[in-house]
Amino acid sequence: MKGLTRRELLRAALAAGAGAAGLAACERSSTGPAAALPEWTPGAPLPWRNWSGAVRCLPKARLVPGDEAEVAALLRAGGALRPAGAGHSFSALVPCDESLVFLDRLQGVIGQDAAAKTAEVWAGTRLWQLGPALAALGQALPNQPDIDYQTLGGALATSTHGTGAGLGSLSSYVTGLALVTPAGEVLECDAQRNAEVFHAARTSLGALGVVTRVRLSNREAFRLVERSRFVPLESVLADLARERDAHPHFEFYAFPHADVALAIATDPDDGSGAPPASAGEDDPEAILLLRTLFRWTRPLPGGSWLYDTFLGMQPATARAGQSHEVLAHPRTVRFNEMEYTMPAEAGPECLRAVLAEIRARDLPVCFPIECRFVRADDVWLSMFSGRPGFSISIHQFADEDYRPYFAAIEPIFWRYEGRPHWGKLHSLDAARLAGLYPHWSDFQRVRRSLDPSGRLLNAHLAQTLGV
Amino acid sequence: MTGTLERRGLRYVLLIFLVGCTRAERAEPAVAAQLSPARALTYQSACAECHARAGTGAPAAGDAAAWTARRAQGFGVLLAHTVNGYRGMPPLGACGACSEADLRALVAYVAGLEEGAQ
């Protein structure tokens, strides 16, 4: 099997089967399918673009402070700016034609409390480097997202999360942070000191200043085993409550135009003997091959049945390793994404409506739809604020226009009181968001007090926050 | 045999993306002398995510064989692919903070080009 290339394997399978507006300080940006945006050529001004390539701007300055004092100084200097993380967000949180601030020189673990299992970390640390760094201390994040390209600061600003009904988003594990305000003041924040700023800054959209340091409540380093299996979608939905509660981490992928799902349960590794996650195969072309299969089978008589059958016959697999090795997955095929989090009890019905809409409109989409659980928290602008969530993520390949698909599905999320992921595409404005968040006005009050002139707002944020 | 290939083929098509995209060992190659400390830090936090890790599809830093054909396209093409994004390569090589000079130095390093070749 090792000797076969991915394309040879696919050929065998195919042959067998189918023959903003407002008070925005940063005004202009471009958003759209990557192919529609102008390409850079040597000698031209260097743009900033996000991971998917769909969001772009031309900043006058890229500011890369070397320490917290430099962060404070550049904020005191005035002017419009936006903090930028690793650029993984699909929404236009970053674009600014004036200055972008990067914490690329503020990386790593600052200190730890071994007994309390806490660690203070620079916000510019990339998540993929954080896992090994914490493991070296005998610590681990209690949970983490399946993508780990982001900076810690960027992930927190958008309430990025993994899956697990008993586990919270990354923001919910923050017990303290340092915020450099637009006035250049360094505020130490936690539940006792500057408590309102703390509740707002754990998920800030980068609208309150620059978070430079974060104290994380971790746990002891641990191992996990991830087991996955293809099963009928209806059986997953029928058994969802039990599966959700039986595993620390449980999620599933539903497949548009198919009746199967991929159920993924991740548990403490009890000596499972599963193959190590650190030695597995990888293939950045894999999801592209799925698209090829979908396109080949779709126009055929009985193609839907063939596609469904292929998916349903896949064997179960398992992989094990340190938590950060198992929970994270490289995503080397780029895409755009929309995600809404519904109240947990409404999630399955919402998913059924999404899948039905895709079929009813015969939307030509095959990217699997990810469904995850997250515990409620008390972070003001977390998507899980005050209620446990069921998150549904839809994706489109970066080289395809995501807009028709996302526009067709987004209203369904609204019907179920969905809250959009801040780092992913959505079209809600402040008037509609205000009704979804109990602490919306509290956040706005804190933001106005810290940034009354809107120096940290761009067009997207001005629309989102109604400024 | 065909049936086996069917199963294995689809298994890899799907599972590798959805659950089987495993963390291959992240090598930590020695950072070349021609990178400044700041650029070496950028290399470690951005470039190494793919170019120092097996199984991502990205040509490994320092792998002369993997870079021969790519270098033949010319430095300008490599640089434009880096800035614009190319296939799995994210725009700006996942370094939004980088200047054009930074990117030129990092592309040259990862592609194994002599300093000044750009």
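Since the model is a prediction, treat every value here as computed from it, not as a measurement.

### Overview of the overall build of chain A
Of regular secondary structure, chain A possesses 15 helices and 21 strands. Since a compact globule built from 467 residues should have a radius of gyration of about 23 Å, the 22 Å found for chain A is in line with a globular shape. Over its C-alpha atoms, taken along the principal directions, chain A stretches across nearly 65 × 50 × 45 Å.

### A few points about the overall build of chain B
Within chain B one finds five helices and zero strands. Listing each helix as α and each strand as β along chain B from the N terminus yields α-α-α-α-α. For chain B, buried positions account for 49% of its 118 residues. For chain B, the proportion of contacts with a sequence separation of at least 24, taken over those separated by at least 6, is 59%.

### What about the environment of A:Pro388?
Residues and elements named next belong to chain A. Inspection of the secondary structure puts Pro-388 in the loop between β19 (369-374) and β20 (389-397). Residues Pro-388 and Ala-376, 12 residues apart in the sequence, show an inter-C-alpha distance of 4.1 Å. Beyond its immediate sequence surroundings of up to four residues, Pro-388 is in contact with Ala-165, Ala-344, Val-374, Arg-375 and Ala-376.

### As for the environment of A:Phe294
Residues and elements named next belong to chain A. Along the chain, Phe-294 falls in helix α8 (residues 286-297). Among the residues examined, Phe-294 registers 20 C-beta atoms within 10 Å and is labelled buried. Ignoring any residue separated from it by four or fewer positions in sequence, one finds Phe-294 in contact with Tyr-307 and Cys-366.

### A few points about the domain arrangement of chain A
By a frequent convention, interface size equals the accessible area lost on bringing the separate parts together. All names here are of chain A. Partitioning chain A into structural domains gives domain 1 (20-221 + 428-467) and domain 2 (223-420). Centre-to-centre separation of domain 1 and domain 2, based on C-alpha positions: 26 Å. On the side of domain 2, 38 residues touch domain 1, which itself brings 41 residues to the contact. Those elements giving two or more residues to the side of domain 1 that touches domain 2 turn out to be α3 (127-135), α5 (195-201) and α14 (440-450). Its residues assigned to classes, the side of domain 1 that touches domain 2 shows 20 nonpolar, 17 polar and four charged.

### Let's talk about helix α3 (residues 64-72) of chain B
The buried count for α3(B) comes to zero of nine residues, which makes it a mostly uncovered element. Directly after α3(B), the chain includes B:Gly74, whose backbone phi takes a positive value near 105°.

### Considerations on the sheet that holds strand β4 (residues 61-63) of chain A
Residue and element names in this part refer to chain A. Spatially, three strands are ordered β4-β6-β5 in an open sheet, and the strand pairing comes out parallel. Only two strands of the sheet have a single partner each, and these edge strands are β4 and β5 (81-84). The sheet shows a mean angle of 25° between the axes of neighbouring strands, taken without regard to direction. Relative to strand β6 (residues 99-102), β5 is paired through four bridges, and the arrangement is parallel. Bridged to Pro-83 within β6 is Val-101.

### Topic: the pairing of strand β11 (residues 186-190) of chain A
Residue and element names in this part refer to chain A. By the bridge criterion, five bridges tie strand β10 (residues 174-180) to β11 in an arrangement that is antiparallel. The partner of Gly-176 across the bridge, within β11, is Asp-190. In sequence, β10 turns back onto β11 through a hairpin of five residues, with Gly-184 there showing a positive phi of about 90°.

### Comments concerning unusual backbone geometry
All names here are of chain A. The backbone of Asp-362 sits at a positive phi, close to 50°, despite the residue not being glycine. In this structure, Asp-362 sits in the loop between α11 (347-361) and β19. On the basis of neighbour counts, which here come to 9 C-beta atoms within 10 Å, the residue Asp-362 falls in the exposed class.

### Considerations on the packing of helix α2 (residues 37-51) of chain B against helix α5 (residues 100-110) of chain B
All names here are of chain B. Two numbers describe how α2 lies on α5: the axes approach to 11 Å, and their chain directions differ by 55°. Put simply, α2 runs oblique to α5. Read as a crossing pair, α2 and α5 show a hand that is right-handed. Seen from α2, the contacting residues are Arg-39, Thr-42, Tyr-43, Cys-47 and His-51; seen from α5, they are Asp-102, Ala-105, Leu-106, Tyr-109 and Val-110. A class-by-class count of the residues in the contact of α2 with α5 yields six nonpolar, two polar and two charged.

### Re α11(A)
An α-helical turn contains 3.6 residues, so a residue and the one three or four places further along point in the same direction. All names here are of chain A. Look at α11: 21 Å from first C-alpha to last across 15 residues, which is about the 21 Å you get at 1.5 Å a residue. All buried positions along α11 are accounted for by Gly-347, Cys-350, Leu-351, Val-354 and Ile-358. Here the buried residues of α11 occupy an arc of 105° about the axis, which is enough to place them on one side. Turned more than 90 degrees away from the buried face of α11 sit Ala-356, Arg-359 and Ala-360, all of them exposed. Backbone geometry just after α11 places Asp-362 at a positive phi near 50°.

### Considering the packing of α11(A) against helix α12 (residues 403-415) of chain A
All names here are of chain A. Where α11 meets α12, the closest approach of the two axes is 10 Å, and the angle between their N-to-C directions is 155°. Our classification of the angle between α11 and α12 gives roughly antiparallel. Here α11 runs over α12; the crossing is right-handed. Counting all contacts with α11, which are made through Cys-350, Ala-353, Val-354, Glu-357 and Arg-361, the residues of α12 involved are Ala-408, Ile-409, Ile-412 and Phe-413.

### Focus: the sheet that holds strand β12 (residues 210-217) of chain A
Residue and element names in this part refer to chain A. The five strands lie next to each other as β7-β8-β12-β10-β11, forming an open sheet whose pairing is antiparallel. Both outer strands of the open sheet, β7 (109-113) and β11, are each paired with one neighbouring strand and no more. Each strand axis lies, on average, 15° off the axis of its neighbour in the sheet, ignoring direction. Of the pairings in the sheet, the one linking β7 to strand β8 (residues 118-122) comprises four bridges and is antiparallel in character. Looking across to β8, one finds that Val-109 is bridged to Val-121.

### Some points on the environment of A:Ile369
Residues and elements named next belong to chain A. Note on placement: Ile-369 falls in strand β19. Exposure remark for Ile-369: the 20 C-beta atoms within 10 Å place this residue in the buried category. Sequence separation of Ile-369 and Ala-407 is 38 residues, and the distance between their C-alpha atoms is 16 Å. Here Ile-369 is in contact with Tyr-253, Ala-254, Pro-256, Val-354, Ile-392, Ser-393 and Ile-394, once residues within four sequence places are set aside.

Parameters at a glance
Residues numbered from 1 in each chain as written. Chains lettered and ligands numbered in written order. Predicted model: local features only at pLDDT ≥ 70, side-chain atom pairs only at ≥ 80, totals over all residues. Helix = DSSP H or I, 4+ residues; strand = E, 2+ residues; numbered from the N terminus. Rg over C-alpha atoms; globule rule 2.2 N^0.38 Å. Buried ≥ 20, exposed ≤ 12 C-beta atoms within 10 Å, placed from the backbone. Contact = placed C-beta atoms within 7 Å. Domains from an automatic or database assignment. Nonpolar A, V, L, I, M, F, W, Y, C, P; charged D, E, K, R; others polar. Pairing = 2+ DSSP bridges. Axes fitted to C-alpha atoms, helices over the stretch in contact; angles between N-to-C directions. Parallel < 35°, antiparallel > 145°, perpendicular 65-115°, else oblique. Left-handed = near helix turned anticlockwise from the far one by under 90°. Expected span 1.5 Å × (residues − 1). Arc of directions from axis to C-beta.

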